[in-house]
Amino acid sequence: MIDLAPIHVVLGSGGAGVSTVAASAAVALDGGRSAVEKGRTLIVTLDRFRQGARTFGVYSTPGQPIPVSQHVDLLEIDTLAQVADLWSTLRGVVAVAGGSVFGEVGTIDPAELTGLPGVEQFLAWRRIRDEAVSGRWTRVVVDCSGASDPLSFLAVPTMVAGYIERIWPRQRRLTGVTENPRLTGGAAVVDAVVSDCTDLAELLVDPSVVRAHLVHRPDLYGVETCERQLAVLSLLGVAVGSVVANPIGSESAVFDPAVFDPDGLEPAGFAPGTPDGHPTGPSGVSGREFPVEIRKRLDPTGQIDWATTRLLPQPPRTVAALRKVGARLDTAPRRAAGSSAARVEQLGGTGLTTTFRLSWPQPLPDPRTLSMGRSGDDLVVSLCGYRHRVTLPSVLRRCTVHDARWEDGMLSVRFQPDPRVWPRNGSAVD
């Protein structure tokens, strides 16, 4: 059995201070425990501009972990070098296959591949997984501030596997190898990539390994953005461990229970932050406390840990300053979330009159953005500008969608057997 280090994915909107929170949490995790108990933490950044090294005040070597404190190492992933390595392997098998088409493919420069959707992000996830299973680290913190779209970053493995299967399906790969043995090497490389994608997709929805931590500013825009991001993470099936409110700048707003309408989250006024540690609002409520109204609105089941950070006079550039920020990531075990916790129920009927229901907990901040469609064996769900394919259980693949509804935080889709493919004896066999 492979022992994976927990992977804490820190993400949020641009300007929310994701890098600062990730770095602060990395140096603060399990604080107060002995060095032996702590083990080593790896913080991984995706930023091409190497902001992570500046945050810690060190020089880095892209692609190589370097120590930034007694128990923390920094890895700045060099995705371009990873693309070059992968393409070098592919070009080798292309040369063996030969042919005019393959000859043209072999002349492509690896830099040209960085624009292909998902290539760099897939390779980054593969490196993160490899570090998690290496045995060197007791935890891995991923700073997603360098990802152009951190939520899409979480969906990359599924997206890449889908592209490959549509362009060169497995059945065609097997047939091609049978007809032309020289394709064996290329098909093997593609099979390995698809296998990696499948492994990563399963890893990202495993709450015992991966937990997302959302960072946002403590103002109305930050809360509304957080609400949409939580909905998308639920659709993706990624477990959320923490939501962290991070004040930015000397005039950043801080929470006060009086400033939010719990029904509409409308502001009645914001309190300015103070750059001396714990900001407080006009009613004396500490900015370190999350208003109950917001927690109930965004987390009705009470599964998420809520926290705020300290506002410092200057941006932190040392480990000591990062610890003063006070960021923490909840490490408690989580249950399967959202679409990864979907369940199928038989509501009634027999044979072709049977009705099944597929349902999962799903926040819905804006009902106008919800739409669904069927594509092969998948249910395609769009929400808040994101689209996700939910693979249907085998019994539902032989059914058609009857209707769908959202009620009390649950998204439910009802199915009925398709007479063209349903077993003649009427039994639902998985």
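Remember, it's a predicted structure, so these values are computed and weren't measured experimentally. Within every chain, residues take consecutive numbers counted from 1 along the sequence as written. Local features in this predicted model are restricted to residues whose pLDDT is 70 or higher, and side-chain atom pairs enter the listing and the counts only when it is 80 or higher, whereas totals over whole chains, interfaces and linings include all residues. The side-chain figures draw on all heavy atoms in the structure; neither hydrogens nor water molecules are used.

Q: Quick question: what am I supposed to make of the overall build of the protein here?
A: Counting from the N terminus, the helices are DSSP H or I runs at least four residues long and the strands are E runs at least two residues long. Of the regular secondary structure elements, the protein holds 13 helices and 17 strands. Looking at the protein as a whole, 47% of its 430 residues qualify as buried. Contact between two residues is taken to exist if any of their heavy atoms lie within 4.5 Å; hydrogens are not considered. Considering only contacts within the protein whose residues lie at least 6 apart along the sequence, 67% involve residues at least 24 apart. Within the structure as shown, the protein displays about 20400 Å² of accessible surface, and the carbon and sulfur contribution to it stands at 53%. Only protein chains enter the accessibility calculation, which uses a 1.4 Å probe; a residue whose area is less than 20% of its type maximum is buried, one above 50% is exposed, and one in between is partly exposed. Only the protein chains shown count as cover for residues, with accessible areas throughout obtained via the Shrake-Rupley method and a probe of 1.4 Å.

Q: Please clarify how the pattern of salt bridges should be interpreted in this entry.
A: For side chains bearing opposite charge, pairing can occur when the charged atoms are close. Here, a salt bridge means any side-chain nitrogen of Lys or Arg that lies within 4 Å of a carboxyl oxygen of Asp or Glu. On inspection of all chains with the given rule, the structure shows 17 salt bridges. Aspartate 191 is paired through a salt bridge with arginine 170; the nearest N and O atoms lie 3.6 Å apart. Taken together, the residues aspartate 191 in helix α9 (residues 184-204) and arginine 170 in helix α8 (residues 170-179) connect sequence positions 21 residues apart. Arginine 357 is the salt-bridge partner of glutamate 345, the closest N and O atoms lying 3.0 Å from each other. Here glutamate 345, found in strand β11 (residues 343-348), pairs with arginine 357, found in strand β12 (residues 355-361); they are 12 residues apart in sequence, far enough to count as distant. Of the residues examined, arginine 357 reaches a relative accessible area of 27% and is grouped as partly exposed. One network of salt bridges, with partners in common, ties together Arg126, Arg129, Asp130, Asp196 and Asp199.

Q: How should the environment of threonine 198 be read in this particular structure?
A: Within the fold, threonine 198 resides in helix α9. Each C-alpha atom, one on threonine 198 and one on valine 160, is 9.7 Å from the other, the two residues being 38 residues apart in sequence.

Q: Whenever I open this one, the side chain of serine 19 confuses me. Can you help?
A: Of note, serine 19 is situated in helix α1 (residues 18-28). When its relative accessible area of 18% is taken as the criterion, serine 19 is described as buried. Filtering out sequence-adjacent residues up to four positions away, serine 19 remains in contact with Asp143 and Ser145.

Q: Got a minute to help me understand the sheet that holds strand β16 (residues 399-407) in this structure?
A: By way of backbone hydrogen bonds, the strands of a sheet pair with one another, either parallel or antiparallel. A strand pair is defined by DSSP finding two or more bridges across the two strands. Taken in spatial order, the 4 strands of this open sheet run β11-β12-β17-β16, and their pairing is antiparallel. If you trace the sheet from one side to the other, it starts and ends with β11 and β16, each paired once. For this sheet the average axis-to-axis angle between neighbouring strands, irrespective of direction, equals 25 degrees. Relative to β12, β11 is paired through 5 bridges, and the arrangement is antiparallel. Across the sheet, the residue bridging to valine 344 is leucine 358, located in β12. All axes here are fitted lines through C-alpha atoms, helices being fitted over the stretch that makes contact, and every angle between N-to-C directions spans 0 to 180 degrees.

Q: I'm lost on the packing of aromatic side chains in this one. Help?
A: Remark: the centre distance and the inter-plane angle together describe each pair of aromatic rings, the angle taken between the planes. Pairing of aromatic rings covers Phe, Tyr and the six-membered ring of Trp, with a centre-to-centre limit of 6.5 Å; geometry is then stacked below 30 degrees between planes, edge-to-face above 60, and tilted otherwise. In the structure shown here, the tally under the stated rule is 2 aromatic pairs. With a centroid separation of 4.7 Å and 15 degrees between ring planes, the pair formed by tryptophan 125 and phenylalanine 153 is classed as stacked. You can see tryptophan 125 sitting in helix α6 (residues 119-132) and its partner phenylalanine 153 sitting in helix α7 (residues 150-167), a full 28 residues away along the chain. In this pair, the class of tryptophan 125 matches that of phenylalanine 153, namely buried. With centroids separated by 6.0 Å and ring planes inclined at 50 degrees, the aromatic side chains of phenylalanine 356 and tryptophan 422 adopt a geometry described as tilted. Taken together, the residues span a long stretch of sequence, with phenylalanine 356 in strand β12 and tryptophan 422 in the segment after β17 (410-417) at a distance of 66 residues. The same class applies to phenylalanine 356 and to tryptophan 422, which are both buried. In this arrangement the basic side chain of arginine 398 is found over the ring face of tryptophan 422, its NZ or CZ atom lying 5.7 Å from the centre. Placement of a positive charge over a ring is assigned whenever Lys NZ or Arg CZ falls within 6 Å of the ring centre and within 35 degrees of the normal to the ring plane.

Q: Please clarify how the packing of α7 against helix α10 (residues 220-236) should be interpreted in this entry.
A: Think of two packed helices as two axes; the pair is described by the angle between the axes and how far apart they sit. Taken N-terminus to C-terminus, the directions of α7 and α10 make an angle of 5 degrees; their axes are 11 Å apart at the nearest point. What the angle tells us is that α7 and α10 run roughly parallel. On the side of α7, the interface is formed by Leu151, Leu154 and Ala155, while α10 contributes Gln229, Val232, Leu233 and Leu236. Classifying every residue of the contact of α7 with α10 gives 6 nonpolar, 1 polar and no charged. The labels follow the angle: roughly parallel below 35 degrees, roughly antiparallel above 145, roughly perpendicular from 65 to 115, and oblique for the rest. Throughout this entry, Asp, Glu, Lys and Arg are counted as charged residues, while Ala, Val, Leu, Ile, Met, Phe, Trp, Tyr, Cys and Pro are counted as nonpolar. The remaining residues, Gly among them, count as polar.

Q: Would you mind going over the packing of α6 against α7 with me for this structure?
A: In the contact formed by α6 and α7, the axes pass within 9 Å of each other and the chain directions differ by 105 degrees. Comparing the axis directions of α6 and α7 gives the class roughly perpendicular. Each of Gln121, Phe122, Ala124, Trp125 and Ile128 in α6 lies in contact with α7, whose residues at this interface are Phe153, Leu154, Val156, Pro157 and Val160. Residues that form the contact of α6 with α7 fall into these classes: 9 nonpolar, 1 polar and no charged.

Q: I keep staring at the sheet that holds strand β6 (residues 210-216) and nothing clicks. Help me out?
A: In space, the 8 strands of this open sheet follow the order β3-β4-β2-β5-β1-β6-β7-β10, with mixed pairing throughout. Every interior strand has two partners, whereas the edge strands, β3 (66-67) and β10 (305-308), have only one.

Q: Can you walk me through the nonpolar core in this structure?
A: In globular proteins that are soluble, nonpolar side chains generally tend to be buried together. Within this scheme, the nonpolar core is defined by two criteria: the residues are buried Ala, Val, Leu, Ile, Met, Phe, Trp, Tyr or Cys, and they are joined through side-chain atoms within 4.5 Å. In terms of nonpolar packing, the biggest core is built from 72 residues, with Ile7, Ile128, Val140 and Leu154 touching the most fellow members. Residues contacting valine 140, with those up to four places away along its chain left out, are Ala5, Pro6, Ile7, His8, Leu42, Val44, Ile128 and Ala132. The next biggest cluster of nonpolar side chains, apart from the first, holds 23 residues, and it includes Ala23, Ala26, Val68 and Leu74.

Q: Mind showing me how you'd approach the confidence of the model for the protein here?
A: As a general rule, the predicted coordinates of low-pLDDT regions are not to be interpreted in detail. The predicted model of the protein averages 80 in pLDDT, with 79% of residues at 70 or higher. Within the protein, no element has a lower average pLDDT than strand β9 (residues 271-272), which sits at 42, and none a higher one than β12, at 96. The predictor attaches a confidence to each residue, and that confidence, scored 0 to 100, is pLDDT. The model gives residues 264-288 a pLDDT under 50, and that stretch makes 68 contacts with residues more than four places away or in other chains.

Q: Whenever I open this one, the environment of proline 363 confuses me. Can you help?
A: Mapped onto the secondary structure, proline 363 falls in the loop between β12 and β13 (371-375). Look at proline 363 and you get partly exposed, because its relative accessible area is 35%. In this structure the C-alpha to C-alpha distance between proline 363 and leucine 230, which are 133 residues apart in sequence, comes to 7.5 Å. Sequence-distant contacts of proline 363, defined by excluding residues within four places in its chain, comprise Leu230, Ala231, Ser234, Leu383 and Trp406.

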